[in-house]
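# Topology and contacts: notes
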Amino acid sequence: MQTPTLRDVAEAAGVHPATASRALNPGTRGLVNADTARRVIKVAESLGYRPNPIARSLKTAKSGTVGLVIPDLTNPLFPPIVRGIEDVLEPAGYSGLIVNTDNDPNRERQQIESLRSRQVEGLIVATARLDHPLLAQLHREGVPMVMVNRRPDGVDVPSITPDDATGIELAVDHLAALGHRRIAHLAGPLSTSTGLVRARAFRSAIRDRGLDDDPALVIGCDSWTEDAGAGALRTLLDRGADFTAVVAGNDLIALGCYDVSTERGFDCPTDLSVVGFNDMPFLDKLRPPLTTVAVPHQLIGAEAARLLLDAIAEPARPARSVQLPLTLVVRGSTAAPS
């Protein structure tokens, strides 16, 4: 049985092929009379017609795809970001191609080259390394880009970020109000902009509130993982550091603190209060439920997609950055020091 073509759909619907094409494309459907669009869609469905995106991209030089560059797909914060991106791309007639870089610069370069070979119209990049020459190269080559979770230095591209500094201040304020004065910070990797911004915000918050400012209580983890958080907390304990609370760089690092609590036989929050960052799913099911800074990840993804669509539509438009407010979710992992 011969595969139906766009011309077959147009003839059956009684419209010009160009009208049928616009009606079947979500991005141009608004240019067609609503009744006509419904008729074309119904005919296409009855004939079993499927648009050929490759043929369309050859004709229009537009693929209808964007690349989503994710550093670690196993990190629970990224699925809601991707969901937010897709919620905006789909009604606009775009789809996302996801690549995972494993935080490896060489793999990231290869994956981005692969996306570009597939004619993606732009990139949403969630990696956060401080030293990132590939971004500058892509910007020079005119690739539309939006950064997620970071604002790049020296590269004038749109970005969407959570207000990390205020989020850390909320965590420190909460612990200080409970009576904690010696608070440790298990920072994310200091080679990433997110880890560095949150670590600097922590030191500033401690000083500004007159708490014990001990540089030895800030330790950088080598990754944003549970194992790295556990290793950092063990290091502090083995050094004999004196502290009653921890602000973790993210929720996974905070979970590492739970592991060490069980391992060494002390209680959270009686012996040690713990605050995470991100509010990833199921934290309320932990024992104790984790107090954390909530980040609106799905909204971040949606705003990133809108910024990219704007950049694709208007390449000369000045880069615009958006910073989203955060909130503290207080649960059972924090209490007054014993």
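Residues numbered from 1 in each chain as written. Predicted model: local features only at pLDDT ≥ 70, side-chain atom pairs only at ≥ 80, totals over all residues. Heavy atoms only, no water.

### Details of the sheet that holds strand β4 (residues 145-148)
The criterion, for reference: Being paired, for any two strands, means DSSP has found at least two bridges between them. The secondary structure listing takes helices from DSSP runs of H or I that are at least 4 residues long and strands from runs of E that are at least 2 residues long, numbered from the N terminus. Lines fitted to the C-alpha atoms define the axes, with helices restricted to the stretch that makes contact. Angles between their N-to-C directions range from 0 to 180 degrees.
On the basis of which strands lie adjacent, the open sheet formed by six strands has the order β2-β1-β3-β4-β5-β11 and parallel pairing. The outermost strands of the open sheet, each flanked by one partner alone, are β2 (95-100) and β11 (321-324). Each neighbouring strand pair of the sheet contributes to a mean axis angle of 15°, computed without reference to strand direction. Across two bridges, β4 lies against strand β5 (residues 159-162) in parallel orientation. Residue pairing for β5: Val 148 is matched across the bridge by Ile 160.

### A look at empty space enclosed by the protein
Where empty space is left in the structure can be found by rolling a water-sized probe over the atoms. Cut-off, in case you're wondering: Note on definitions: the grid is 1 Å and covers protein atoms alone; a cavity is a set of points where a 1.4 Å probe fits but cannot get out; a pocket is an open set with protein on both sides within 12 Å along at least five of seven lines; lining residues have an atom within 4 Å of a point. Grid points are joined across faces, edges and corners, and a volume is the space filled by probe spheres set on the points. Classification convention: Asp, Glu, Lys, Arg as charged; Ala, Val, Leu, Ile, Met, Phe, Trp, Tyr, Cys, Pro as nonpolar; all other residues, Gly among them, as polar.
According to the stated counting rule, one finds one cavity of 30 Å³ or more in the structure shown. As a volume, the largest cavity reaches approximately 40 Å³. Every residue along the wall of the largest cavity is listed here: Ile 183, Phe 202, Arg 203, Ile 206, Asp 212, Asp 213, Asp 214, Leu 217 and Val 218. Taken together, the residues that form the lining of the largest cavity break down as five nonpolar, no polar and four charged.

### Some thoughts on the side chain of Thr 101
Operational definition: Relative accessibility under 20% of the residue-type maximum defines a buried residue, over 50% an exposed one, and the middle range a partly exposed one, all with a 1.4 Å probe and only protein chains included. Pairs of residues are marked as contacts when any of their non-hydrogen atoms sit within 4.5 Å.
Among the structural elements, Thr 101 can be located in the loop between β2 and α6 (105-117). Residue Thr 101 is classed as buried on the basis of its relative accessible area of 0%. With residues up to four places along the chain from it excluded, the contact list for Thr 101 reads Val 69, Ile 70, Pro 71, Arg 107, Glu 108 and Thr 127.

### Some words on helix α1 (residues 6-13)
Note the threshold: Each direction from the helix axis to a C-beta atom contributes to the arc, which is the arc of those directions.
Within α1 the residues assigned to the buried category are Val 9, Ala 10 and Ala 13. Looking straight down α1, one finds its buried side chains confined to an arc of 100°; they lie on one side. Along α1, the residues that are exposed and aim more than 90 degrees away from the buried face are Arg 7 and Glu 11. Looking at the buried residues of α1, the elements they touch are α2 (17-24) and α3 (34-47).

### Description of unusual backbone geometry
For the bond running from Cys 268 to Pro 269, omega is 15°, close enough to zero to count as cis. Locating Pro 269 in the fold gives a position in the loop between α11 (251-264) and β9 (273-278). The residue after Arg 287, namely Pro 288, is reached through a cis peptide bond having omega 0°. Within the element layout of this structure, Pro 288 appears in the loop between β9 and β10 (291-294). Of note in the backbone geometry, Asp 102 takes a positive phi value of approximately 55° without being a glycine. Structurally, the position occupied by Asp 102 is in the loop between β2 and α6. On the accessibility criterion, Asp 102 (48% relative accessible area) is partly exposed. Unlike most non-glycine residues, Asn 103 shows phi in positive territory, near 60°.

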